[in-house]
Amino acid sequence: MKISTILDRIDMGSLVLPQFQRGYVWKRADVADLMRSLYRDYPVGTLLVWETAATQQTVKGAQPLPAGVHELLLDGQQRVTSLYGIVNGKAPSFCLGDSKAFLNLYFNVESEEFEFYGPVKMRDDPRWISVTELMQHDEWHFESTVAELSSDLRSEYMKRLSRICKLKDRVFQVEKVTGKAMTMDKVVDIFNKVNSGGTKLSKGDLALAKICADWPQARDEMQMRLDKWQGFGYRFSLDWLLRCVNALLTGHADPAELDRQNVKVAQIQEGLARAEKYIDQALNLIASRLGLDYHQVLGSPNALPATICYLDKQQSWPDHATTDRLLYWYIHAMLWGRYSGPVETVIRQDILAVENDDAISALILLLRQQRGNLRVEPQDFAGATRGSRFFPLLYMLTRIHGTRDLDSGLELRQHLLGGAMQLELHHIFPKARLTRYGYHWRNDANALGNFTFLTKQTNLQISAGLPNDYFSRYEAKQPGVLASHWIPPDPELWKIENYRDFLAARRVLLAEAANKFLHQLLLGTIPESQSDISAFDHDTQPRPASIASDEEEAALIHAMDWMHGQQLPAGELGYELRIEADKESVILDLAWPRGIQQGLSEKVALLIDEDDETLKTASGHGFTCFTSFSQLQAYVQRDILGEPA
């Protein structure tokens, strides 16, 4: 098929992208390389299309196709999108990506090089010809320009331009997948084999593709729910939401079950509405009773499918003693890594337990069979860092146990509105002072026992002070405030030379508080009005532990805003990089753990004012690390956007 024919068929809507295709991810260097290869008559690969006569298919950038035979592009999206943009000077309707990657490509008639427009280099230089303008006219449109360059080389220059114009007649080999036996399952399997170097489709992608074939708005409807939760600090994926819908409809977590049970679109729509309702209820329950009100302290989202199945099963909202027992299970599922194994199998076990008459007892029994003793011991906090499963436990105890701000005396479980009242994570012994004294930067300085929470105003007051300097002052001002933070009362332990003894004593106090609260949950003896925190009305998320100052936070937010302005992922603030078999972690200021172009580019982290150990650990786990925004910006412009230096 000629390139010109391919582009015409795109305009006619007869060659389209199926819904499960990823967006356009090529950068300028890739586009320039494609044109060089075409110009030099190098092989540029084949196209793979699915010829289907399905009654309705969902495609990118278009309404569902009417009945008839259509060709869905399975392999060749990046090449076809680039060529469409170069020839037509605009992006095709199905393009979900940065059109700057293929617009304003120029050709130098003298050097025969393809480059994207740069005013310093190309302005007023007649050797540089717009490839799009050339394609839309022909070589004779530039005859007078070429004549001004060199009378001796005029004929050769015109031949070069003509060769570019004739690229529209270049023939692509097209392989077709056709026949009634080619189900979506088989087509996606072929896609994954052909696309072996790119991002694989997951079972959730496949299930959603099937759903979208009959319900075109499915992906957008689900994304709308995810965006709502994202706005309140909860980051969930499409796969996860589909898993929740699947759990309600089939009792399984495996997305293939939707196909096996022949679940219809109307059921999916009804299941999505139920899932949203019960997820909202579960998030509010977890926030109001436990104080876990944003994603990093939520624990494993994979505990929510069984939770919403339980809520769905009830004829009315359970009494608070019953929901507290459910939360007792939820916390222990988080603490002991219930979902660190085969997730779909474990969720299926939980859903089957929910079918029991005493569902919560059945859920707890599964945990006891997995874990044994459901008791928090002081040593469980030993070595636990900001990224451990026990960090949400510390946050939870702070929110529901009446922990008070050292200076103001304000209970930290209340709504904290305004910049000065923003809840912040505080190092009791400053990290910099500890490392200078000789303690290890991660195992000691970032130990969970060294963390507590304060208002922003108080955190600024303390700054880099040591506990033996400020504890007595705040205790005198707010009697009992140190005990509300589980601070050992012995002043000798407040000295930096006794830091490890301080940690050991505080771990005992934290374990006692945790077990007391968990036992009260199990018995259902906590008063119903314990707290009023809402999942959808709060301003108390602590700043990630790795971010030391307002200036550093502002720099990271600026980097995220700039990335968003380039139509690229903003990154994950305070990303937890797990190490040592999921037992410990380090916190990266800002990270792209799946690459800025997901699945296609390297892992990247922006680390501002971090020590060498953090940089070494991140680099050892495959991250390319930058220590300033300008370094990151240069990398993105050069390697992602393909912009000239």
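Residues numbered from 1 in each chain as written. Predicted model: local features only at pLDDT ≥ 70, side-chain atom pairs only at ≥ 80, totals over all residues. Heavy atoms only, no water.

The next subject is the overall build of the protein chain. The secondary structure content of the protein chain amounts to 25 helices and 13 strands. A burial count over the protein chain gives 54% of its 645 residues as buried. Considering only residue pairs separated by 6 or more positions, the protein chain has 68% of its internal contacts joining residues 24 or more positions apart. Put simply, the protein chain shows about 27400 Å² of open surface, and 49% of that area lies on carbon and sulfur atoms. (Helix = DSSP H or I, 4+ residues; strand = E, 2+ residues; numbered from the N terminus. Buried < 20%, exposed > 50% of the residue type's maximum accessible area, 1.4 Å probe, protein only. Contact = heavy atoms within 4.5 Å. Areas by Shrake-Rupley, 256 points an atom, 1.4 Å probe, with all protein chains shown as cover.)

To continue, consider the packing of helix 11 (residues 238-250) against helix 16 (residues 343-354). Running from N to C, helix 11 and helix 16 point in directions that differ by 40°, and their axes come no closer than 11 Å. Viewed along their axes, helix 11 and helix 16 adopt a mutual orientation that is oblique. Judged by the sense of rotation from one axis to the other, the crossing of helix 11 with helix 16 is right-handed. Seen from helix 11, the contacting residues are Arg243, Ala247 and Thr250; seen from helix 16, they are Val343, Glu344, Ile347, Arg348 and Ile351. Of the residues that constitute the contact of helix 11 with helix 16, the class distribution is four nonpolar, one polar and three charged. (Axes fitted to C-alpha atoms, helices over the stretch in contact; angles between N-to-C directions. Parallel < 35°, antiparallel > 145°, perpendicular 65-115°, else oblique. Left-handed = near helix turned anticlockwise from the far one by under 90°. Nonpolar A, V, L, I, M, F, W, Y, C, P; charged D, E, K, R; others polar.)

A full pass over the atoms with the stated rule returns 24 aromatic pairs. Ring centres 6.2 Å apart and planes at 10° place the aromatic pair tyrosine 234 and phenylalanine 236 in the stacked group. Relative accessible area serves as the criterion here: at 0%, tyrosine 234 is assigned to the buried category. With a centroid separation of 5.1 Å and 90° between ring planes, the pair formed by phenylalanine 471 and tryptophan 494 is classed as edge-to-face. Of this pair, phenylalanine 471 sits in helix 21 (residues 467-477) while tryptophan 494 is found in the loop between helix 21 and helix 22 (499-523), placing the two residues 23 residues apart along the sequence. Like tryptophan 494, phenylalanine 471 is buried. Positioned above the aromatic ring of tyrosine 39 is the side chain of arginine 163, whose terminal nitrogen or guanidinium carbon lies 4.3 Å from the ring centre. Sitting over the ring of tryptophan 336, arginine 371 keeps its end group 3.7 Å from the ring centre. (Phe/Tyr/Trp six-rings, centres within 6.5 Å; stacked < 30°, edge-to-face > 60°. Lys NZ or Arg CZ within 6 Å of the ring centre and 35° of its normal.)

A word on the nonpolar core. Counting 93 residues, the largest nonpolar core has Leu290, Trp329 and Val376 as its most contacted members. No other element matches helix 13 (residues 265-290), which puts eleven residues into this core. Setting aside chain neighbours within four positions, we find tryptophan 329 in contact with Ala303, Ala306, Thr307, Tyr339, Asp350, Leu363, Ile364 and Leu367. (Core = buried A, V, L, I, M, F, W, Y, C linked by side-chain atoms within 4.5 Å.)

With that out of the way, let us pick up the side chain of asparagine 246. Tracing the sequence through the fold places asparagine 246 in helix 11. Setting aside chain neighbours within four positions, we find asparagine 246 in contact with Gly251, His252, Ala253, Asp254, Pro255, Glu257 and Leu258.

A few words on the sheet that holds strand 4 (residues 105-108). Strands belonging to one sheet form pairs held by backbone hydrogen bonds; the direction of such a pair is parallel or antiparallel. One open sheet holds the three strands; their spatial order is 5-4-6, and the pairing between them is antiparallel. The outermost strands of the open sheet, each flanked by one partner alone, are strand 5 (114-116) and strand 6 (128-130). Between one strand and the next, the sheet's axes are offset by a mean angle of 40°, whatever the strand orientation. (Pairing = 2+ DSSP bridges.)

Among the six residues of strand 3 (residues 70-75), five are classified as buried, and the element is accordingly described as predominantly covered. Bridge count between strand 1 (residues 15-16) and strand 3: two bridges; the pairing is parallel. Across the sheet, residue leucine 15 finds its bridge partner in strand 3, namely glutamate 71.

Another aspect to go through is the side chain of arginine 243. Summarising the element assignment, arginine 243 is placed in helix 11. Lacking a salt bridge, the buried arginine 243 has glutamate 344 as its closest oppositely charged neighbour, with an N-O distance of 4.3 Å. Reaching out from arginine 243, the side chain makes a polar contact with the side chain of asparagine 302 at a distance of 2.9 Å. (Lys, Arg positive; Asp, Glu negative; His and termini not counted. Salt bridge = Lys/Arg side-chain N within 4 Å of Asp/Glu carboxyl O. Polar contact = N/O pair within 3.5 Å; in protein donor to acceptor, adjacent residues only side chain to side chain.)

In this section: the environment of serine 388. Looking at the secondary structure, you find serine 388 in the loop between helix 17 (359-371) and helix 18 (391-400). Judged by its relative accessible area of 8%, serine 388 is buried. C-alpha of serine 388 to C-alpha of valine 586: the two residues are 198 residues apart in sequence and 9.5 Å apart in space.

If you walk through the whole model with that rule in mind, you get 30 salt bridges. The salt bridge partner of arginine 9 is glutamate 71, with a shortest N-O separation of 3.0 Å. Here glutamate 71 lies in strand 3 and arginine 9 lies in helix 1 (residues 3-12), a separation of 62 residues in the sequence. Note that glutamate 113 and arginine 36 form a salt bridge whose closest N and O atoms lie 3.1 Å from each other. Highlighted residues: glutamate 113 in the loop between strand 4 and strand 5 and arginine 36 in helix 2 (residues 28-39), separated in sequence by 77 residues. For glutamate 113, a relative accessible area of 25% translates into the label partly exposed. In this structure arginine 36 comes out as buried when scored by relative accessible area, which is 18%. Each of the salt bridges in this network shares a partner with another, and the network as a whole consists of Glu221, Arg225, Lys228, Glu276 and Asp280.

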